[in-house]
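# Structure at a glance
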Amino acid sequence: MTPKQQRTDLMVIADMVAEGARVLDIGCENGDLLHILTRDKNVDGRGMELSQEGVNACVARGLAVIQGDAEFALRDYPDRAFDYVILSQTLQAMSKPADVLEQMLRIGKRAIVSFPNFAYWRVRMYLALRGRMPVTEELSYAWYETPNTHFCTILDFVELSASKGYVIEKAVAFDDKGRHHFHGELGWRANLFAQNALFLLRKD
């Protein structure tokens, strides 16, 4: 995302979080979202970041962030330790994304997940016309050096959620200018025209 789009994404996430909630932000990078939630929602916020550079940036801002790999570290948290567990623009970089989602909804009452939509029409056109893996502003790495290992589409994510019994409480899709629309059920139109998607989940 561009900085403007990312800010829109983070503000929509912040709107989904209740005042004073216990929050874990996975892959929190430099702490922008935790900063917003702490400032505007008075949350009890914690972060987990893989890069030492990101951890240092968060700590310098006074945020409670540890270095850790979510693929393994989430197993150490007790059930229902948080009200919200957030994974923003990182799901596609997980080697076992379904397992990570399961852990998120074990340790959190709700999970908030956002990711780039691989079915976005510009991505489809790039692949159809050039015959190569897309390299775009959103998917900016060449195929041989990308940290993204599991691309998915909006429809893929909806299907996964249904198969696992997750309840989608809210869903929002973003276009390439960061404008959000397609609220509610995200079907084929969102799958085609949305560059990114955001879901609020719970497990009954």
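Our structure's up above, just so we're on the same page.
Conventions adopted
- Residues numbered from 1 in each chain as written.
- Predicted model: local features only at pLDDT ≥ 70, side-chain atom pairs only at ≥ 80, totals over all residues.
- Heavy atoms only, no water.
- Salt bridge = Lys/Arg side-chain N within 4 Å of Asp/Glu carboxyl O.
- Buried < 20%, exposed > 50% of the residue type's maximum accessible area, 1.4 Å probe, protein only.
- Core = buried A, V, L, I, M, F, W, Y, C linked by side-chain atoms within 4.5 Å.
- Helix = DSSP H or I, 4+ residues; strand = E, 2+ residues; numbered from the N terminus.
- Arc of directions from axis to C-beta.
- Contact = heavy atoms within 4.5 Å.
- Pairing = 2+ DSSP bridges.
- Right-handed = clockwise from strand over helix to strand, strands pointing away.

Attention now goes to the pattern of salt bridges. Pairing between side chains of opposite charge can happen when their charged atoms approach one another. This model, assessed by the stated rule, comprises ten salt bridges. Here D44 ties to R46 by a salt bridge, and the two come within 2.8 Å at their closest N and O atoms. Look at D44 and you get partly exposed, because its relative accessible area is 37%. Using a relative accessible area of 38% as the deciding quantity, one classes R46 as partly exposed. Of the charged contacts, one joins R202 and D204 as a salt bridge, the two residues approaching to 2.8 Å between their closest N and O atoms. Within the structure, one salt-bridge network assembled from shared partners comprises R110, E169, R202 and D204.

Membership of the largest hydrophobic core comes to 32 residues, with the highest contact counts inside it found for L74, M104 and F199. Within the residue set of this core, elements represented by two or more residues are β1 (22–26), α4 (70–73), β4 (82–88), α5 (97–107), β5 (108–116), α7 (154–164), β6 (166–174) and β8 (196–203). With five residues, α5 is the single largest residue contributor to this core.

Taken residue by residue, helix α3 (residues 52–60) has G54, V55 and C58 as its buried positions. Along α3, the residues classed as buried sweep out an arc of 100 degrees about the axis, all on the same side. Every exposed residue of α3 that faces more than 90 degrees away from the buried side is listed here: E53 and A60. Packed against the buried residues of α3 are β2 (44–49) and β3 (65–67). Positive phi shows up at G62, right after α3, with a value of about 80 degrees.

With that settled, the discussion passes to the pairing of β4. Buried residues dominate β4, accounting for seven of its seven residues. Where β1 lies against β4, four bridges are found, and the strand directions are parallel. Residue L24 lies in a different strand from β4, and its bridge partner there is V85. Pairing of β4 with β5 involves six bridges; the strand directions are parallel. The residue bridging I86 from the neighbouring strand is I112, located in β5. Between the parallel pair β4 and β5, the chain is carried across by α5, and the sense of this crossover is right-handed.

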